[in-house]
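Spelled out from the first residue to the last, the chains are:
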Amino acid sequence: MAVEKLNNANALIKVEVSNDIIDAKKAQVAKRFAKQVKVDGFRKGKVPVAVVKKMYGEAIEKEAIDELIKEEYEAGLKALEIKTEDIMGEPIFTKFDRGEEKTEIEIKISLRPQVDVEGYEDVIPEVELPTVSEEEIQAKIAEYAKNVAEPADSDKEVAENGDIAVIDFEGFIDGKEMENGMATDYPLELGSNSFIPGFEEQIVGMKVGEEKEIKVTFPEEYGAKEIAGKEATFKVKLKKIQTKQTPEVNDDLAKKLLQMEDATVETLNEEIQKELINAKKAEVFAPKKVELVDALVEKFEFDLPDSVVEKEAEMVINQKAQTLNEDEVKALTEDAEKLKAFQDEAKEEAAKKVKLTFIVDELAKKENIEISDQEVLQVLYFEAIRQGQDAEKIYEYYKENNLLPAVKMSLVEERLLTTLLDKKAK
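Residues numbered from 1 in each chain as written. Predicted model: local features only at pLDDT ≥ 70, side-chain atom pairs only at ≥ 80, totals over all residues. Heavy atoms only, no water.

### Considerations on the packing of helix α3 (residues 134-147) against helix α6 (residues 265-299)
Thought 1: For the pair α3 and α6, interaxial distance at closest approach is 9 Å and the crossing angle is 105 degrees. What the angle tells us is that α3 and α6 run roughly perpendicular. Between α3 and α6, the contacting residues are Glu134, Glu136, Ile137, Gln138, Lys140, Ile141 and Tyr144 on the first element and Leu268, Asn269, Ile272, Gln273, Glu275, Leu276 and Lys280 on the second.
Thought 2: The residue makeup of the contact of α3 with α6, split by class, is six nonpolar, three polar and five charged. (Axes fitted to C-alpha atoms, helices over the stretch in contact; angles between N-to-C directions. Helix = DSSP H or I, 4+ residues; strand = E, 2+ residues; numbered from the N terminus. Parallel < 35°, antiparallel > 145°, perpendicular 65-115°, else oblique. Contact = heavy atoms within 4.5 Å. Nonpolar A, V, L, I, M, F, W, Y, C, P; charged D, E, K, R; others polar.)

Set out below in structure tokens:
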């Protein structure tokens, strides 16, 4: 056996085993099989080795070689002074040559690189912190107050955009009543576009007590396929008009908006100011984060584990391939030069991503950046709400596909970059 440290992130174990040694190991394995297997006509544990070799020859050889490889692999790690926890991914067999006299094997191992991030503060760009005016704060509070406004009956006689029309309606398609197409005292906010296109516009101008037939066409992409694209007639009666009463900005509104029992208008102003500043910061920081990432990747040089880069490159290639049309895919597969350029570009991008991951990991330790499992759950929960999906199903999907670590890592990276930019913000 010979070992070679290719660089600080990759090593090679070269194994050369004579067939005599393999035969001796096969004999040991065959004896073990003889004690374990059941063969008709023989008592368990009393099967002749010759019979076992004839029946299980292929399995015996595989197990014998596997055991020899394991022994040599462990001896190689010891010779290289490599700890199991430093190994990244699975070992890769770069050579397996079963010759007449000997078997030659080469095993490539990827290791966690040593990353020195000394001087990282030098590449953090300066950022000018945004400010928020009192007018912006009050405008945002007014917007939130309008959002929580409660509907109240109005003495208005004619419906307008922005009103809440309380209606009874019954829908028909081809003269037949629609399934689930009827409601009474339904509050419809005009202009909200929450109904079938064209419906709300025909309510505008109706008088309280008026009855009217409204014709609309369901969109082609409508969820219920049986009525998608069909024309429908709705018999509608406007029963009353409601308007939203925007609440006064006071401590009660602050308590409602902040969900805090001791909230005051002053507290509300402070929280809204923080929210607006954070929103502006996110906008200002976005291009600076890209600049910082590029600077960090360029500043630090260290060896990367080949197996990790190759796996990431496969993912990058698959992602890029999904964006190509049929003609572009054909052009790549038919032109070896273009295909190689495509693969090289993907590998370069993958190497940058892997390198950044190790840099972020090291910097996160220095800056004491941690993301709890609870924070990961919250991100997935809010993402599910945003997409209108079941939060529990989203979590299970990420868990089953082992995507939770990637989510956590992206959150660590985001928080780290923000923390670093805050150092140079003024």
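### Brief notes about empty space enclosed by the protein
Thought 1: Within the structure shown, the criterion is met by one cavity of 30 Å³ or more.
Thought 2: There is about 50 Å³ of room inside the largest cavity.
Thought 3: Val17, Ile22, Ile65, Leu68, Ile69, Thr103 and Ile105 together form the lining of the largest cavity.
Thought 4: Looking at the lining of the largest cavity, the elements that each hand over two or more residues are α2 (49-80) and β4 (102-110).
Thought 5: Counting residues per element, the lining of the largest cavity draws most heavily on α2, which supplies three residues.
Thought 6: Class assignment of the residues belonging to the lining of the largest cavity gives a composition of six nonpolar, one polar and no charged. (1 Å grid on protein atoms, 1.4 Å probe; cavity = no way out; pocket = protein on both sides within 12 Å on 5 of 7 lines; lining within 4 Å. Points joined across faces, edges and corners; volume = space filled by probe spheres on them.)

### A look at the pairing of strand β6 (residues 164-173)
Thought 1: β6 sits mainly inside the fold: nine of its ten residues count as buried.
Thought 2: As judged from the eight bridges shared by β6 and strand β7 (residues 176-189), these two strands associate in the antiparallel manner. Across the sheet, residue alanine 165 finds its bridge partner in β7, namely leucine 188.
Thought 3: In this structure, the hairpin formed by β6 and β7 is closed by a connection of two residues, where aspartate 174 is found at a positive phi of approximately 55 degrees.
Thought 4: Examined bridge by bridge, β6 and strand β9 (residues 231-245) share nine bridges and lie antiparallel to one another. (Buried < 20%, exposed > 50% of the residue type's maximum accessible area, 1.4 Å probe, protein only. Pairing = 2+ DSSP bridges.)

### Observations concerning the confidence of the model for the protein
Thought 1: The share of residues in the protein with pLDDT of 70 or more is 99%, and the mean pLDDT across the chain is 90.
Thought 2: When mean pLDDT is compared element by element in the protein, helix α4 (residues 199-203) scores highest at 95, while helix α10 (residues 373-387) scores lowest at 80. (pLDDT = per-residue confidence, 0-100.)

### Observations concerning the pattern of salt bridges
Thought 1: All told, the structure shown has 38 salt bridges when counted by the stated rule.
Thought 2: Between lysine 95 and glutamate 104 there is a salt bridge, with the nearest N and O atoms lying 3.9 Å from each other.
Thought 3: The exposure class of glutamate 104 is partly exposed, given its relative accessible area of 22%.
Thought 4: Linking lysine 108 and aspartate 306 is a salt bridge whose minimum nitrogen-to-oxygen distance equals 2.6 Å. Placement of the pair is lysine 108 in strand β4 and aspartate 306 in helix α7 (residues 306-322), with a sequence separation of 198 residues.
Thought 5: Classification of aspartate 306 by relative accessible area gives partly exposed; the value is 27%.
Thought 6: Shared partners join several salt bridges into a network, and the residues in it are Lys25, Arg32, Glu63, Glu67 and Glu71. (Salt bridge = Lys/Arg side-chain N within 4 Å of Asp/Glu carboxyl O.)

### Some remarks on the layout of surface pockets
Thought 1: Here the largest pocket defines a volume of roughly 1,200 Å³.
Thought 2: Secondary-structure elements contributing two or more residues to the lining of the largest pocket are α7, α9 (336-366) and α12 (404-423).
Thought 3: Looking at the lining of the largest pocket element by element, the count peaks at seven residues for α9.
Thought 4: Partitioned by chemical class, the residues of the lining of the largest pocket number eleven nonpolar, seven polar and eight charged.
Thought 5: Considered as a void within the structure, the second largest pocket measures approximately 370 Å³ in volume.
Thought 6: In terms of lining residues, the second largest pocket is bounded by 19 residues, among which Met178, Glu179, Gly181, Phe218 and Ile227 are the most central.

### Some thoughts on a negative patch on the surface
Thought 1: A cluster of acidic residues, Asp116, Glu118, Glu121 and Asp122, forms a negative patch on the protein surface.
Thought 2: Assignment of secondary structure puts aspartate 122 in the loop between β4 and α3.
Thought 3: Classification of aspartate 122 as exposed rests on a relative accessible area of 62%. (Patch = residues over 30% accessible without salt bridge, like charges linked within 9 Å, V, L, I, M, F, W, Y side chains within 5 Å. Areas by Shrake-Rupley, 256 points an atom, 1.4 Å probe, with all protein chains shown as cover. Lys, Arg positive; Asp, Glu negative; His and termini not counted. Charge placed at Lys NZ, Arg CZ, Asp CG, Glu CD.)

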